[in-house]
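Chain by chain, the residues run as shown.
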Amino acid sequence: MTYIDVHSHSAAAQNTDTVTVVNNGPASGLFSAGLHPWHLSPENLEDSLTALEKRLQSSSCAALGETGLDKICGTLWPLQQEAFLRQIKLVEIYSKPIIIHCVKAYQEIIAAKNESSVPWIFHGFRGSAEMAESLTKKGIYISFGAALLDLENGNLREVFRAAALNHIFLETDESSFPIVDIYHEAANLKGISIDELTDAIKNNFIKVFGDILK
Ligand SMILES: [Zn+2]
């Protein structure tokens, strides 16, 4: 049984039954590399893209990300858009999936999907059931995190319950809950066994990331 944590900011969580895609992680183990909209600066964009391209060339680099658009952060919108679109174009060369950070920018991000032929995962999904359905029908994957454990977050738990099993992932992101706890609650919400859930997510992982698990 393998628990896949598709997006984590902690490299410490690695253990034998867990596969973790560590955000901007160390070169050992799987990682993703991307320019986050929170941390862009116009002076550094070219250098950052050059450094990013080097990381994307690594065989341990599983994905571009997280990257995306965020309407409530302070980064200038045109800079966010330029950085996002250039990263999308860059990763086409390397054919790796993209882990998307989206805050109040679904429309703009979905519009950019036409420029991209690689699989997309919206991480930390907190949208509506309608948005979940619309994304997964477009073949986009959505990833849920520790917010599922919050019993007061009934809406999101319902969204997860209804979400297409063949288009979901689970993640720890910045939370300190173990990924196993998130799997248990997720299986419970879906009314399926842990085995069925780990199998389903492993299949999704192989579809999106190819055979990098061997
Ligand atoms: Zn994150």
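In what follows, the accompanying structure is described.

Each value, and the rule that gives it
Residues numbered from 1 in each chain as written. Predicted model: local features only at pLDDT ≥ 70, side-chain atom pairs only at ≥ 80, totals over all residues. Heavy atoms only, no water. Helix = DSSP H or I, 4+ residues; strand = E, 2+ residues; numbered from the N terminus. Rg over C-alpha atoms; globule rule 2.2 N^0.38 Å. Buried < 20%, exposed > 50% of the residue type's maximum accessible area, 1.4 Å probe, protein only. Contact = heavy atoms within 4.5 Å. Areas by Shrake-Rupley, 256 points an atom, 1.4 Å probe, with all protein chains shown as cover. Lys, Arg positive; Asp, Glu negative; His and termini not counted. Charge placed at Lys NZ, Arg CZ, Asp CG, Glu CD. Donors = N, O, S within 2.8 Å, 3.2 Å for Na, K, Ca; no water. Tetrahedral: all angles 85-135°; square planar, octahedral: opposite > 155°, others 65-115°. Phe/Tyr/Trp six-rings, centres within 6.5 Å; stacked < 30°, edge-to-face > 60°. Lys NZ or Arg CZ within 6 Å of the ring centre and 35° of its normal.

## Notes on the overall build of the protein chain
Then step 1. The helix and strand inventory of the protein chain stands at seven helices and eight strands.
Then step 2. Computed over its C-alpha atoms, the radius of gyration of the protein chain comes to 16 Å, within 12% of the 17 Å expected for a compact globule of 214 residues.
Then step 3. For the protein chain, the residues scored as buried account for 51% of the 214 residues in total.
Then step 4. Expressed as a percentage of contacts within the protein chain between residues at least 6 apart in sequence, the contacts between residues at least 24 apart total 62%.
Then step 5. Taken as a whole, the protein chain presents about 10,000 Å² of accessible surface, with 51% of it coming from carbon and sulfur.
Then step 6. Each charge sign in the protein chain was given a centre, from 17 positive and 26 negative side chains, and these centres are 5 Å apart.

## Quick notes on the side chain of Thr 136
Then step 1. Checked against the element boundaries, Thr 136 lands in helix 4 (residues 129-137).
Then step 2. Once residues lying within four places of it in the same chain are set aside, the contact partners of Thr 136 are Ile 142, Ala 164 and His 167.

## Thoughts on the coordination of the zinc ion
Then step 1. Only His 7 (NE2), His 9 (NE2), Glu 66 (OE) and Asp 173 (OD) from the protein reach the zinc ion as donors, at distances of 2.1 to 2.2 Å.
Then step 2. Note that the zinc ion binds four donor atoms; their angles at the metal cover 87 to 176 degrees, and the shape is irregular.
Then step 3. Between consecutive donor residues of the zinc ion, the sequence gaps follow H-x1-H-x56-E-x106-D. Of this pair, His 7 sits in strand 1 (residues 3-8) while Glu 66 sits in strand 4 (residues 61-70); the two residues are 59 residues apart in sequence, bridging distant segments of the chain. Across the pair, exposure class does not vary: His 7 and Glu 66 are buried alike.

## Here's the deal with the packing of aromatic side chains
Then step 1. The full count for this structure, using the stated rule, is nine aromatic pairs.
Then step 2. Seen in terms of ring centroids, Tyr 3 and Tyr 183 are 5.1 Å apart; in terms of plane orientation they differ by 80 degrees. Their pairing is edge-to-face. Pair noted here: Tyr 3 is in strand 1 and Tyr 183 is in helix 6 (residues 179-190), with a separation of 180 residues, a long-range link. We note that Tyr 3, like Tyr 183, is buried.
Then step 3. With a centroid separation of 6.3 Å and an interplanar angle of 85 degrees, the aromatic rings of Phe 169 and Phe 209 are classed as edge-to-face. One end of the pair, Phe 169, is in strand 8 (residues 168-170); the other, Phe 209, is in helix 7 (residues 194-209), with 40 residues separating them in the sequence.
Then step 4. On the accessibility criterion, Phe 169 (0% relative accessible area) is buried.
Then step 5. Overall, Phe 209 belongs to the buried group, its relative accessible area being 8%.
Then step 6. Three or more aromatic residues joined by ring pairs form one cluster here, namely Tyr 106, Phe 122, Phe 125, Phe 144 and Phe 160.
Then step 7. When the ring centre of Phe 31 is taken as reference, the NZ or CZ atom of Arg 55 above it lies at 4.2 Å.
Then step 8. The side chain of Lys 190 reaches across the aromatic face of Phe 160, ending 5.3 Å from its centre.

## Considering the environment of Gly 124
Then step 1. Here Gly 124 shows up in the loop between strand 6 (120-122) and helix 4.
Then step 2. For Gly 124, a relative accessible area of 28% gives the class partly exposed.
Then step 3. Taking C-alpha positions, Gly 124 is 7.4 Å from Asp 173, a pair spaced 49 residues apart along the chain.
Then step 4. Excluding residues that lie within four positions of it along the chain, Gly 124 makes contacts with Ser 143 and Glu 171.

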